[in-house]
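Reading the structure
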Amino acid sequence: MISASDLTPAELAALLHFHADAGVDWLLEEEPVDRFAEFEAMRAARQGARAAQPRPDAPQPAGRVQPDRRQAAKPAAAPPPASPRNAPAIPDEQAVEQARFAAESARSLSELKAALEAFNSCNLKNSARSTIFASGSPESRIMVIGPMPSADDDREGTPFAGRAGQLLDKMLASIRLQREDILLTNVIPWRPPGNRAPSAPEVEICRPFIERQIALAEPKALLLLGNFTARHFFESAETIHGLRGQWRQIGILGRTIPAIASLHPQELLTAPINKRLAWSDLLAFKNRIDAEILG
């Protein structure tokens, strides 16, 4: 086993990032445990216990009465019920209807946040640490939407955290915006385990909440970041490179809102050469909000 003291800071950072991307959020033990030795000890203990038990056909000592094997065995005690937090939710039409009712009942963003935090009919919530809701200022009428929470988002409880969030802050600053002055949110409010893509039923369960967020915030323009987000709102199977940089009108609960898609900051960290494309999209977004809001 390689000790952390044998690694350089760069190697240790790379290892931690690898575990974080794989879905490992924290260590369960303070000290390493040899599970192989633990298993061997348990197996030896079981073998010793079996050897100590008398054989069924062995002669019984005088005066000892053989128990009647025909007697019915006592039923095993029922396991304790699972806690509501860990009880699996079934993503079906009933869960979608529950989500729609909870979202439509909210008359403000604060009420919608409370409804989302109380909602337990989505499997994703069972494995997530945090429920990620919109942050920032809805009064700006400017909204930036990402796909789903990252490990950093889930850990910190806010959208666009970590390195991707730091890059987004720089992107916004380049067009004279601050995250505190706009509204940031995600399509999916809970991080899927291992950063997997959400299933179609999970997306449908989450849909009423993100649409209600948009309806209550009443943005003048939307900036959609990432492949999943663009496909979700544009209802297209194209990749982000085919969808980005084009203004489209999307319908949200009876309202039509202009939206433009661009690359997610995480994609730009992976392929910095695409920053020039994102810069072009940001300029188009800036020109639109200047005309729609400031003009």
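Rules and cut-offs
- Residues numbered from 1 in each chain as written.
- Predicted model: local features only at pLDDT ≥ 70, side-chain atom pairs only at ≥ 80, totals over all residues.
- Heavy atoms only, no water.
- Pairing = 2+ DSSP bridges.
- Helix = DSSP H or I, 4+ residues; strand = E, 2+ residues; numbered from the N terminus.
- Buried < 20%, exposed > 50% of the residue type's maximum accessible area, 1.4 Å probe, protein only.
- Arc of directions from axis to C-beta.
- Contact = heavy atoms within 4.5 Å.
- Salt bridge = Lys/Arg side-chain N within 4 Å of Asp/Glu carboxyl O.
- Axes fitted to C-alpha atoms, helices over the stretch in contact; angles between N-to-C directions.
- Parallel < 35°, antiparallel > 145°, perpendicular 65-115°, else oblique.
- Nonpolar A, V, L, I, M, F, W, Y, C, P; charged D, E, K, R; others polar.
- pLDDT = per-residue confidence, 0-100.
- Phe/Tyr/Trp six-rings, centres within 6.5 Å; stacked < 30°, edge-to-face > 60°.
- Lys NZ or Arg CZ within 6 Å of the ring centre and 35° of its normal.

Looking at the pairing of strand S5 (residues 248-252)
Pairing of S5 with strand S6 (residues 255-262) involves 5 bridges; the strand directions are antiparallel. Its bridge partner lying in S6, glutamine 249 is registered against proline 258. Here S5 folds back onto S6 in antiparallel fashion, the turn holding 2 residues, of which leucine 253 has a positive phi close to 50°.

A closer look at helix H4 (residues 109-118)
Along H4, the residues that are buried comprise Leu109, Leu112, Ala115 and Leu116. The arc that holds every buried residue of H4, seen down its axis, measures 120°, which confines them to one face. The exposed set on the far side of H4, more than 90 degrees from its buried face, consists of Ser110 and Ala118. At its buried positions, H4 is contacted by helix H3 (93-105), helix H5 (123-127), strand S3 (183-186) and helix H8 (200-217).

Focus: the pattern of salt bridges
Working definition: two side chains of opposite charge can pair if their charged atoms are close together. On inspection of all chains with the given rule, the structure shows 8 salt bridges. Among the ionic pairs, arginine 100 bridges to glutamate 97, the shortest N-O distance being 2.6 Å. Pair noted here: arginine 100 and glutamate 97 are both in helix H3, with a separation of 3 residues, about one helical turn. Relative accessible area serves as the criterion here: at 32%, arginine 100 is assigned to the partly exposed category. In this structure, arginine 155 engages aspartate 152 in a salt bridge whose closest nitrogen and oxygen atoms are separated by 2.7 Å. Residue arginine 155 and its partner aspartate 152 are both found in helix H6 (residues 151-156); the two are separated by 3 residues, about one turn of the helix. Note on arginine 155: relative accessible area 36%, which makes it partly exposed. Taking the relative accessible area as the measure of exposure, aspartate 152 reaches 27% and is therefore partly exposed. Residues joined in a network through salt bridges with shared partners are Glu204, Arg207 and Glu211.

Some remarks on the packing of H8 against helix H9 (residues 227-234)
For the pair H8 and H9, interaxial distance at closest approach is 13 Å and the crossing angle is 80°. Accordingly, the angle class assigned to the pair H8 and H9 is roughly perpendicular. Counting all contacts with H8, which are made through Val203, Arg207, Ile210 and Ile214, the residues of H9 involved are Phe228, His232 and Phe233. Per-class residue counts for the contact of H8 with H9 are 5 nonpolar, 1 polar and 1 charged.

Some details on the confidence of the model for the protein
Averaged over every residue, the pLDDT of the protein is 84; residues scoring 70 or more account for 73%. Confidence drops under a pLDDT of 50 for residues 69-73, and excluding neighbours within four residues, the segment shows 1 contact in the predicted structure. This model gives residues 79-89 a pLDDT under 50, and the stretch forms 12 contacts once residues within four places in sequence are excluded.

Some points on the packing of aromatic side chains
Inspection of every chain in the model, using the stated rule, returns 2 aromatic pairs. Note on phenylalanine 119 and phenylalanine 209: the rings are 5.2 Å apart at their centroids and 65° apart in plane angle, and the pair reads as edge-to-face. Placement of phenylalanine 119 in the loop between H4 and H5 and of phenylalanine 209 in helix H8 is noted, with a sequence separation of 90 residues between them. Summarising the burial analysis for this pair, phenylalanine 119 and phenylalanine 209 share the class buried. With 6.3 Å between their ring centres and 15° between their planes, tryptophan 247 and phenylalanine 285 make a pair best called stacked. One end of the pair, tryptophan 247, is in the loop between helix H10 (240-243) and S5; the other, phenylalanine 285, is in helix H12 (residues 275-294), with 38 residues separating them in the sequence. With a relative accessible area of 0%, phenylalanine 285 lands in the buried category. It is arginine 248 that lies over the ring of phenylalanine 234; its NZ or CZ is 4.8 Å from the centre.

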